[in-house]
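# Structure at a glance
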Amino acid sequence: MSVSGKGGGAAVAHRYAWTEWVSLLALTAMWGTSFLFTKVAVTALPVAWVVMARLGIGALVLVALAWLLGRGMPRGGRLWLFFGLIAIVGNLLPFSLITWGQQSIDSGLAGILMAIMPLATLGLAHLFVPGERLTGNRVAGFLTGFAGVVLLIGPQALLAIGGERGPLLPMLAVLAGALCYGASAILARLRPPSDALTTAAATIGLASVLAVPMGLNGWLGGMAEPPTGLPTAAVLGAVLFLGLFSTATAMIVYFRLIRTAGPSFTSQLNYLIPLWAVAVGVVFLGEEPTLGHLFGLVLILAGILWSRRPPRRAPRAGDALTTTRTDP
């Protein structure tokens, strides 16, 4: 909970509205459950088809909403360059990598691996964002989270590296997807100013257009076999959920929550989504996370928490009472 300083040094705790808590929980459900529905979808459909359908549904909703609200077409070649980079790095690549990886690993494990994203963002921000330096707490948090990832991968995965369906490459694919999300966050921060809904519509729209040839070439080129029969209602429902809720609706709720409650409050998603992903995988798919998986999750979440601690500074005579700002 954020604290702000008011006259005389009194600290007043900000009370978040119930709608903001509902939005936070809704985002947790939409993004945390996406691993479950991705696992359901890839059991019957090629990876490229799942990605193409998810992006296509999301683009239809976001572009239609932007048009209905009268949002104009953004201008500027530099802005569209960032839109294109975010479309590829923040949508097409991570969706493809994570979906491919979930063919071979549990949905809960994928959710745990994705928790490394905010720590990856810290390292990338240190390299590319002026003023974003790695403090001692951030380095300690990053190393703690990295230890959690090493524990998750484990010796069994390393020993199975030569197997066709060994778990190492799928786990590395999901981790690569997390790194893509971290890079996308840096690109979004460096991009020229643009409306949030317009940005979402443009990036998802571009990603959906790029996904079409990937899906068609994958099928026609023999890289993915078409389904032998009609997809079941469960598979179609999973794809619809991914496009309508995990992509389109979640983007709208996320940007609204950032605006009303702030990034610090919204960053609690980093703790809630992995826990939700593990829970729904256990309840609905009968997955059984190992003790090592759960301990690895604890290390990653502890690393995130540690990296968010403000640096300590000894008070000096004459210092005025100020409010410490903690970057999300």
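Above: the structure in question.
Calculation notes
- Residues numbered from 1 in each chain as written.
- Predicted model: local features only at pLDDT ≥ 70, side-chain atom pairs only at ≥ 80, totals over all residues.
- Heavy atoms only, no water.
- Helix = DSSP H or I, 4+ residues; strand = E, 2+ residues; numbered from the N terminus.
- Expected span 1.5 Å × (residues − 1).
- Buried < 20%, exposed > 50% of the residue type's maximum accessible area, 1.4 Å probe, protein only.
- Arc of directions from axis to C-beta.
- Axes fitted to C-alpha atoms, helices over the stretch in contact; angles between N-to-C directions.
- Parallel < 35°, antiparallel > 145°, perpendicular 65-115°, else oblique.
- Left-handed = near helix turned anticlockwise from the far one by under 90°.
- Nonpolar A, V, L, I, M, F, W, Y, C, P; charged D, E, K, R; others polar.
- Contact = heavy atoms within 4.5 Å.
- Salt bridge = Lys/Arg side-chain N within 4 Å of Asp/Glu carboxyl O.

## Digging into helix α3 (residues 47-68)
One full turn of an α-helix is made of 3.6 residues, so residues set three or four places apart face in the same direction. Under the 1.5 Å per step criterion, the end-to-end length of α3 is 32 Å for 22 residues, consistent within 8% with the ideal 32 Å. For α3, the full list of buried residues reads Val47, Ala48, Val50, Val51, Arg54, Leu55, Gly58, Ala59, Leu62 and Ala66. For α3, the angular spread of buried residues about the axis comes to 155 degrees, placing them on one side. The exposed residues of α3 that point more than 90 degrees off its buried face are Leu60, Trp67 and Leu68. Note on α3: the residue one or two positions beyond its end, Gly70, has a positive phi of about 75 degrees.

## Side note on the packing of helix α4 (residues 77-101) against helix α8 (residues 168-190)
Put simply, α4 and α8 touch, their axes get as near as 8 Å, and they point 160 degrees apart. One finds that α4 runs roughly antiparallel with respect to α8. The interaxial crossing formed by α4 with α8 has left-handed handedness. Its residues assigned to classes, the contact of α4 with α8 comprises 21 nonpolar, 4 polar and 1 charged.

## A word on the environment of Leu272
Checked against the element boundaries, Leu272 lands in helix α12 (residues 269-285). On the basis of relative accessible area, Leu272 is assigned to the partly exposed category, the value being 29%. Measuring from C-alpha to C-alpha, the distance between Leu272 and Thr28 comes to 6.3 Å, with 244 residues separating the pair along the chain. The residues contacting Leu272, other than those within four sequence positions of it, are Leu24 and Thr28.

## Looking at the pattern of salt bridges
Under the criterion given, the structure shown has 3 salt bridges. Across the pair Arg71 and Asp195 runs a salt bridge, and its minimum N-O distance is 2.7 Å. One end of the pair, Arg71, is in the loop between α3 and α4; the other, Asp195, is in the loop between α8 and α9 (196-220), with 124 residues separating them in the sequence. The exposure class of Asp195 is partly exposed, given its relative accessible area of 35%. Across the salt bridge formed by Glu132 and Arg138, the nearest N and O atoms sit 3.2 Å from each other. Considered together, Glu132 and Arg138 belong to a single accessibility category, that of buried residues. The network of salt bridges with shared partners includes Glu132, Arg138 and Arg189.

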